[in-house]
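Listed below are the residues making up each chain.
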Amino acid sequence: MIGLREIVDKLTYTKERIEKYVIHPYLREYIIPPEIDEDKLLILISIVDQLELSPHEKDIYVLAIMLMQVALDTHDQVTNTLVDETNMKIRQLTVLAGDYYSGLYYKFLASIENVQVIKALSEGVKNINEHKVFIYHKDQDDFHTIMSSVKMIEFSLIDKLINYFGVAEWYESASNWLLVKRLLLEKQRQEKTGDSVVFAALDRLFMKNQKQKAVEQPQEVLQIYDSYIEYSMQLMTKGMNKIQPFNTLYEERMMNMIKDYSPREKSFVEEG
């Protein structure tokens, strides 16, 4: 098990290493440098620490998966709106940047010559893209389907790693951690800007239910949303007990997110 000081140092070192690959001097002139999700990075480092792999292999898996995550996040910034010549260049460079990060992912994975894990992670990328289409563009049948898609988007790459190496004890804690984090972020976006893909999907569901004479009101939708966050937090903490041993930074970050959560705050729905 990695000690606290060691895990902090490893997290800092790996994040800086990833940033050296993704913050390209030319790209930086035109596009916003991608953010590295420290929680996903910490989860990955924590998981591979317990695998019977060489230090080199552990580093490669963490680095490759995070680079693919950056590639996917970068491609999410591309829009289909009409743009002028300058913005068209930014759009094109954003696409190329995502492709470049994706290429680095395959380059690093190829260095360990494990075809099966490459196939497994490729399936994870496919799952993420499919569920993004579900969330962004398609009407869903129920609330749980939307939440399941959000979880897949956030966790599918790590899930494939967990399944491949047979460490299922990590699933409940880590998957719900990332789900809760995304749901809280989407709620903040909706409250501040009204620009949340998750709430847009919920709006489509609400409108569909209205046509079917359902009785849900926006306030009820938000209450269900908050209840789902609380339920996922319970699963997250319950799942943490299945992980033995786990590092203290993992527990500390998870507990801080729970501590900072304020479900009873007035929301944009309640005020509207």
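Throughout, residues of each chain are indexed from 1 in the direction in which the sequence is written. Under the rules for a predicted model, residues below a pLDDT of 70 receive no local features and side-chain atom pairs below 80 are neither given nor counted, while totals for whole chains, interfaces and linings still include all residues. By convention in this description, side-chain values take in all heavy atoms of the structure and omit both hydrogens and water.

**Regarding helix 4 (residues 55-75)**
Step number 1: Starting at the N terminus, helices and strands are each numbered in turn, a helix being any DSSP run of H or I of at least four residues and a strand any DSSP run of E of at least two. A helix is expected to span 1.5 Å for every residue after the first. End to end, helix 4 covers 31 Å across 21 residues, agreeing with the expected 30 Å (1.5 Å per residue, within 8%).
Step number 2: Type-normalised accessible area, obtained with a 1.4 Å probe on protein chains alone, sets the label of each residue: buried when under 20%, exposed when over 50%, and partly exposed for intermediate values. Within helix 4, 15 of the 21 residues are buried, which leaves the element mostly enclosed by the surrounding structure.

**A look at unusual backbone geometry**
Step number 1: In this structure, Glu 113 takes a positive phi of about 50 degrees despite not being glycine.
Step number 2: Assignment of secondary structure puts Glu 113 in the loop between helix 5 (85-110) and helix 6 (115-137).

**Some details on the packing of helix 7 (residues 143-165) against helix 8 (residues 171-192)**
Step number 1: Whenever a helix is involved, its axis is fitted only over the stretch in contact; in every case the axis is a line through C-alpha atoms, and angles between N-to-C directions fall within 0 to 180 degrees. Where helix 7 contacts helix 8, the axes come no closer than 9 Å and their chain directions differ by 140 degrees. The angle between the axes of helix 7 and helix 8 places the two elements in the oblique class. Note that helix 7 runs across helix 8; the crossing there is right-handed. Here helix 7 contributes Met 147, Val 150, Lys 151, Ile 153, Glu 154, Phe 155, Ile 158, Asp 159 and Ile 162 to the contact with helix 8, which in turn contributes Tyr 171, Ala 174, Ser 175, Asn 176, Leu 178, Leu 179, Arg 182 and Leu 183. Small angles under 35 degrees read as roughly parallel and large ones over 145 as roughly antiparallel, with 65 to 115 read as roughly perpendicular and the rest as oblique. Note on convention: the crossing is left-handed when the near helix lies turned anticlockwise from the far helix by less than a right angle, right-handed when the turn is clockwise. Every residue pair with non-hydrogen atoms within 4.5 Å of one another is taken to be in contact.

**Here's the deal with the confidence of the model for the chain**
Step number 1: Summary statistics for the chain give a mean pLDDT of 86 and a share of 89% for residues scoring 70 or more.
Step number 2: pLDDT measures the predictor's confidence residue by residue and takes values from 0 up to 100. Low pLDDT (under 50) marks residues 265-272, which in the prediction has eleven contacts with non-local residues, meaning those over four places away or in another chain.

**Some remarks on helix 11 (residues 248-260)**
Step number 1: For helix 11, which comprises 13 residues, the first-to-last C-alpha distance of 18 Å matches the rise-based estimate of 18 Å (1.5 Å per residue) to within 8%.
Step number 2: What helix 11 keeps buried is the set Leu 249, Tyr 250, Met 254 and Met 257. On an axial view of helix 11, the arc spanned by its buried residues comes to 135 degrees, and they lie on one face.
Step number 3: At the N-terminal end of helix 11, a side-chain oxygen is found 3.3 Å from the backbone nitrogen of Leu 249, two or three residues along, and the residue is Asn 247. In this description, the arc belongs to the directions extending from the helix axis to the C-beta atoms. The definition of a polar contact used here is a pair of N or O atoms within 3.5 Å, where within protein one atom must be able to donate a hydrogen and the other to accept one, and adjacent residues in sequence count solely through side-chain atom pairs.

**Focus: the side chain of Ser 173**
Step number 1: Note on placement: Ser 173 falls in helix 8.
Step number 2: Of the residues examined, Ser 173 reaches a relative accessible area of 0% and is grouped as buried.
Step number 3: In terms of polar contacts, Ser 173 uses its side chain to reach the side chain of Tyr 250, at 2.9 Å.
Step number 4: Residues contacting Ser 173, with those up to four places away along its chain left out, are Met 236, Gly 239, Met 240, Ile 243, Tyr 250 and Met 254.

**What to know about the packing of aromatic side chains**
Step number 1: Only Phe, Tyr and Trp rings take part, Trp by its six-membered ring, and two of them pair if their centres are within 6.5 Å. Stacked means planes under 30 degrees apart, edge-to-face means over 60, and tilted covers everything else. Within this structure, the stated rule accounts for eleven aromatic pairs.
Step number 2: Aromatic pair Tyr 61 and Phe 165: ring centres 5.5 Å apart, planes at 75 degrees, arrangement edge-to-face. Of the two residues, Tyr 61 is situated in helix 4 and Phe 165 in helix 7; the sequence distance between them amounts to 104 residues.
Step number 3: The class for Tyr 61 is buried, based on a relative accessible area of 1%.
Step number 4: Ring centres of Tyr 105 and Tyr 106 lie 4.7 Å apart, and the angle between their planes is 75 degrees; this geometry places the pair in the edge-to-face category.

**Some thoughts on the side chain of Gln 69**
Step number 1: Looking at where Gln 69 falls in the secondary structure, it is placed in helix 4.
Step number 2: Setting aside its immediate chain neighbours within four residues, Gln 69 contacts Lys 40 and Leu 157.

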